[in-house]
Amino acid sequence: MGHFDRTLEFIDQLQHADTAAAVCQKLLGITSEFGLTALMAGTVPQPGTPRGQQKDHVLLCDWPGEWLERYVARNYVDHDPVVSHMKQLQAPFQWREASQGIRIDKSSGEVMGDASEFKLCDGMAFPLVTLDGQIVMVSLGGEAVELSGADFGLVSLAATYAIGRAMQLHTMAAKTIDHVELTPRERECMQWAAVGKSEWEISQILGISEHTSEKHLLNAKSKLGAVNRVQAVAEAIRRGYIS
Amino acid sequence: MLFSLTTQELMERPDLWEAVHRLRYKIFVEEMGWTDLQRPDGLEVDQFDHDEAVHQLVIRNGELAGYQRMLPTTRAHLLTEVLADLYEGTPPSGPNVWELTRYAVAPGFRDGKRGVSTVGTELIAGFVEWGLKRNVNQVIIEFEPMWVLRALQLHFLAKPLGYQRTYGNQQVVATLLTFNEHTLEVVRSRRSHFAPVLARGYPDRLGMRQAS
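Everything in this summary refers to the structure shown in the same document. This one's a predicted model, so the numbers in the text were calculated from it and none came from an experiment. (Residues numbered from 1 in each chain as written. Chains lettered and ligands numbered in written order. Predicted model: local features only at pLDDT ≥ 70, side-chain atom pairs only at ≥ 80, totals over all residues.)

**A closer look at the overall build of chain B**
Reasoning step 1: Counting secondary structure elements, chain B contains six helices and nine strands.
Reasoning step 2: The C-alpha radius of gyration of chain B comes to 16 Å, within 12% of the 17 Å expected for a compact globule of 212 residues.
Reasoning step 3: Here the C-alpha coordinates of chain B stretch approximately 50 × 45 × 35 Å along the principal axes.
Reasoning step 4: Taken across its 212 residues, chain B has 41% of its residues classed as buried.
Reasoning step 5: If you take every contact in chain B between residues at least 6 apart in sequence, the share linking residues at least 24 apart comes to 69%. (Helix = DSSP H or I, 4+ residues; strand = E, 2+ residues; numbered from the N terminus. Rg over C-alpha atoms; globule rule 2.2 N^0.38 Å. Buried ≥ 20, exposed ≤ 12 C-beta atoms within 10 Å, placed from the backbone. Contact = placed C-beta atoms within 7 Å.)

Structural data, given as structure tokens:
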């Protein structure tokens, strides 16, 4: 089977991948043939983004775990030559071009040196721009990378489809979380909580036990993903369940 | 508002006809450097502006803000005649498959910075609406690979028709996009604009601003 047919088959299979992990696995199945065995893709954090939030930017990741930990802990994202190369919105390029292109400061050299400790000796990377103008950086690496010019196109196209699928899964997940059903009783209890009634007052108004009104409020709170009643009320109003 | 006109209808409105071909020249010859299409009159016209082509125009404030041209695949079109190295095997064709060409947003309307401008997404909403009305559910587009991601974000089903190629300094990949009502919903909610964009009739004379 030719390269192109395999790409089509891969894209077809992606439609059935229901998790980011499955998407990753499918993509690496294609790219490992070129020695690209590790993958990282995500939106670009602004320089100085708190470390705790950097992982939220990740869309697809099959990267040595310890390397990722070290990368975040040492804030390598601000020094990585591959990242700075991508921010200039370059077409697909090989890692080694990125480190050749710029004068390596001490920390850039450290990032690349450290990467090879984790068997990430070379790789390829490229940026994508989403509908709303966010930059997505895609990086694939491995120990023995062999890529011809034509392979570049194939790998970047396959990766683009994989990222697209990951983003679809991302928005679908956001939608499921976004769609919560409150029962009529939960809604009623929230409505009274919103005007400052206590659990006991609500129970008197609705003619139910205090315990039951508390249970309805707790259920509503957890369905709305809120940490306390104030946030639950705010969420319920924002989503239009109560007014 | 997006107006969908046949070549005949476009020719009956010299102001629109000239604005369309001048915008195309500006974008495809001057900006993108497609020198084969160079002409001294600064108008870009090709053999596919035939009587079955459909011209879609976005008009903002009495100005031509965006444009795209739809070509039926039941007769010669760009992919089969000009860009034949962009497909492998047999390219899709039929009454439900059209080719989208000359997608263009006028320079003054590129408010999207790096992202897609509102005129750009209106063109997308426009061809999907237009297609669903006349049983067209697939378009062939030759675009930069970057657009694959955006198409997937809008829940088009995308499929490459061949390898990506480099023309000048541009990467191009021919892609088949399949869409349905769900795609239209996603496009509309992305735009936060749920009303149809496809207008009936003709736009007012260009340069005539709507009274506000």
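**Some details on the overall build of chain A**
Reasoning step 1: Counting secondary structure elements, chain A contains twelve helices and five strands.
Reasoning step 2: Put simply, chain A has 243 residues, and 35% of those count as buried.

**A look at the sheet that holds strand β2 (residues 58–62) of chain A**
Residues and elements named next belong to chain A.
Reasoning step 1: Strand order in the open sheet made by the five strands is β2-β1-β5-β4-β3, with antiparallel pairing throughout. Looking at which strands have only one partner, the edges of the open sheet turn out to be β2 and β3 (93–94).
Reasoning step 2: Its contacts with the sheet put helix α2 (residues 20–31) on β1 (38–43), β2 and β5 (135–142), and the angle it makes with β2 is roughly 55°. (Pairing = 2+ DSSP bridges. Axes fitted to C-alpha atoms, helices over the stretch in contact; angles between N-to-C directions.)

**Some details on the pairing of strand β5 (residues 138–143) of chain B**
Residues and elements named next belong to chain B.
Reasoning step 1: Counting buried residues in β5 gives five out of six residues, a clear majority hidden from the surface.
Reasoning step 2: Across four bridges, the pairing between strand β4 (residues 97–105) and β5 is parallel. Note that in β5 the partner of L100 across the bridge is I141.
Reasoning step 3: Taken together, the six bridges between β5 and strand β8 (residues 170–178) define a ladder with antiparallel strand orientation. Across the sheet, residue I141 finds its bridge partner in β8, namely T175.

**Structural notes on the environment of A:L218**
Residues and elements named next belong to chain A.
Reasoning step 1: When you line up the elements, L218 lands in helix α11 (residues 210–223).
Reasoning step 2: Judged by the 15 C-beta atoms lying within 10 Å of it, L218 falls in the partly exposed class.
Reasoning step 3: Each C-alpha atom, one on L218 and one on D5, is 53 Å from the other, the two residues being 213 residues apart in sequence.

**Things to note about the interface of chain B and chain A**
Size of an interface, as often reported, equals the accessible area lost when the parts are brought together.
Reasoning step 1: Contacts between the two partners involve 22 residues from chain B and, on the opposite side, 21 residues from chain A.
Reasoning step 2: Elements with a minimum of two residues in the side of chain B that touches chain A: α5 (146–153), β6 (157–160) and β8 of chain B.
Reasoning step 3: Among the elements that make up the side of chain B that touches chain A, the one with the highest residue count is α5(B) (six residues).
Reasoning step 4: Broken down by class, the residue content of the side of chain B that touches chain A amounts to nine nonpolar, seven polar and six charged. (Nonpolar A, V, L, I, M, F, W, Y, C, P; charged D, E, K, R; others polar.)

**A word on the pairing of strand β4 (residues 122–129) of chain A**
Residue and element names in this part refer to chain A.
Reasoning step 1: Most of β4 is tucked away, with eight of its eight residues classed as buried.
Reasoning step 2: Of the two faces of β4, the one carrying D122, M124, F126 and L128 and the one carrying G123, A125, P127 and V129 are both buried.
Reasoning step 3: Pairing geometry for β3 and β4, over two bridges, is antiparallel. By the bridge assignment, F93 is partnered in β4 with A125.
Reasoning step 4: Here eight bridges tie β4 to β5, and the two strands are oriented antiparallel to one another.

**Quick notes on the packing of helix α1 (residues 3–14) of chain A against α2(A)**
All names here are of chain A.
Reasoning step 1: For the pair α1 and α2, interaxial distance at closest approach is 10 Å and the crossing angle is 175°. Classified by the angle between their axes, α1 and α2 sit roughly antiparallel to one another. Contacts from F10, Q13 and L14 of α1 reach α2 at V23, K26 and I30.
Reasoning step 2: Per-class residue counts for the contact of α1 with α2 are four nonpolar, one polar and one charged. (Parallel < 35°, antiparallel > 145°, perpendicular 65-115°, else oblique.)

**What to know about the environment of B:V97**
Residues and elements named next belong to chain B.
Reasoning step 1: In this structure, V97 sits in strand β4.
Reasoning step 2: Each C-alpha atom, one on V97 and one on T74, is 8.3 Å from the other, the two residues being 23 residues apart in sequence.
Reasoning step 3: In this structure, V97 is in contact with T73, P92, Q138 and I140, ignoring residues within four places of it in sequence.

**Some remarks on helix α10 (residues 199–206) of chain A**
Residues and elements named next belong to chain A.
Reasoning step 1: Along α10, the positions that sit buried rather than exposed are E199, I202 and S203. Considered in projection along α10, the buried side chains sweep an arc of 100° and stay on one side of the axis.
Reasoning step 2: Packing partners of the buried residues in α10 comprise α9 (184–194) and α11.
Reasoning step 3: Following α10 by one or two positions, G207 has its phi on the positive side, about 70°. (Arc of directions from axis to C-beta.)

Purely geometric numbers; function is a separate question.
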